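So you can see what is in the structure, the chains are spelled out below.
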Amino acid sequence: MLFSFLKRKRTNRLHSIVFYNLENLFDTVDDPDTLDDDFTPTGIKKWSKKRYRKKLYKLAKTLSKVGLASSGKPPALIGVAEVENAEVLQDLLGAEPLRKTDYAYVHYDSPDERGIDTALIYHKEHFQVLHSEPIPLIIQNEDGERDTTRDILYVKGKFHEEEVHIFVNHWPSRRDGDVETDYKRIKAAETIGHFMTQLETELPDPNYILMGDFNDEPSSKSIQTLMQRDSLYNPMEKLHSPFRGSANYRRSWSLFDQIIVSHNFFNHQKGTHSFAHANIFDERFLTQWKGSYKGTPFRTYAGRKYLGGYSDHFPVYIQLKLNT
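Here we summarise the structure given alongside this text. Bear in mind that the values here come from a model prediction, so they are computed numbers and not experimental data.

Here the focus is empty space enclosed by the protein. All chains considered together, the criterion is met by one cavity of 30 Å³ or more. Its boundaries defined by the atoms lining it, the largest cavity holds a volume of some 60 Å³. In the lining of the largest cavity, the residues fall into four nonpolar, two polar and two charged.

What follows is the structure, encoded as structure tokens:
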């Protein structure tokens, strides 16, 4: 009996931090200011309320389970990408698997032409928002016009009683070629670096959590630009493998979804958090069960074809232990 109590007590000290690219979580309403026409009932994807509700349930079910086996509770912090607006976040948190959890969120509309944004969902029992703002990512295309990509979401808050600084990212895609678009993601890394430098003029040793779909691997130049800051540690480097990842394109695995932390999450002082481990949440129920894409993320769409899955990405997560 004593062993059972101690095991439960240790488990309760673990808190999960998750990032999940939700693959085009659009409502069914046409926004005249964005390119969301495909995700409407009359669009080419025939995006209906029934399909929307089904996706909400599946995403909520997934998020409720990440890290549950080892922590015994739902995630404390969840960064998400590819959400259309605040309304879809409200609908997601109102879906049955999540509606009883005391979640709130931070979200800003970004200039992305498709209208997809990032957001931070937080458990109010564990996290208090002190300040938030979108950090504009100012990038010029080759024609000299601004690339209207996603902002970087910055949230300062108290994780239990420890102050943390969180950056939620969805960096520019590789759609026009990885080499051709490298400079955009390097610019994103530099933008975060400049922001951190400003923070560090006022704070001696900030606790950083960077999460997102970086559209680059841990070894890529953009991520390595971030890692030039000696204060950061990327646990995803050890998960990177040709046989496993967070997304799969043409039968090749990538680990674009990552969570990076600062080295001060390796202390053990009372009231602080210590890094425990990192993982990809690639449970079987999230995968294609058969066919040539068996084992890869069971996505909502393959081109125009509706598959009815979850997302074309797996969630990634880390767990931090609260030192008591």
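After that view of the structure, there is still more to cover.
Our next topic: the pairing of strand β7 (residues 162–170). Within β7, eight of the nine residues are buried, which leaves it mostly tucked inside the rest of the structure. The loop that links strand β6 (residues 152–159) with its antiparallel partner β7 comprises two residues; one of these, histidine 160, has a positive phi angle of about 55 degrees. Relative to strand β8 (residues 208–213), β7 is paired through six bridges, and the arrangement is parallel. Across the sheet, residue phenylalanine 167 finds its bridge partner in β8, namely leucine 210. The β-α-β motif built from β7, the intervening helix α5 (residues 178–200) and the parallel element β8 has right-handed crossover chirality.

Turning to the layout of surface pockets, a few remarks are in order. Each pocket or cavity is described by its volume, and for the largest pocket that value is around 1300 Å³. Contributing to the lining of the largest pocket are 44 residues, with Glu82, Ser173, Arg174, Arg175 and Asn215 lying nearest its centre. Those elements that provide at least two residues to the lining of the largest pocket are β1 (14–25), α5, β10 (247–249) and β11 (252–254). Class assignment for the residues of the lining of the largest pocket results in nine nonpolar, 15 polar and 20 charged. Approximately 290 Å³ is the volume attributed to the second largest pocket. Around the second largest pocket sit Asn248, Tyr249, Arg250, Gln288, Tyr293, Thr296, Pro297, Arg299, Ala302, Gly303, Leu307 and Asp312, which together line it. Each residue belonging to the lining of the second largest pocket can be placed in one class, and the counts come to five nonpolar, four polar and three charged.

Calculation criteria
- Residues numbered from 1 in each chain as written.
- Predicted model: local features only at pLDDT ≥ 70, side-chain atom pairs only at ≥ 80, totals over all residues.
- Heavy atoms only, no water.
- 1 Å grid on protein atoms, 1.4 Å probe; cavity = no way out; pocket = protein on both sides within 12 Å on 5 of 7 lines; lining within 4 Å.
- Points joined across faces, edges and corners; volume = space filled by probe spheres on them.
- Nonpolar A, V, L, I, M, F, W, Y, C, P; charged D, E, K, R; others polar.
- Buried < 20%, exposed > 50% of the residue type's maximum accessible area, 1.4 Å probe, protein only.
- Helix = DSSP H or I, 4+ residues; strand = E, 2+ residues; numbered from the N terminus.
- Pairing = 2+ DSSP bridges.
- Right-handed = clockwise from strand over helix to strand, strands pointing away.

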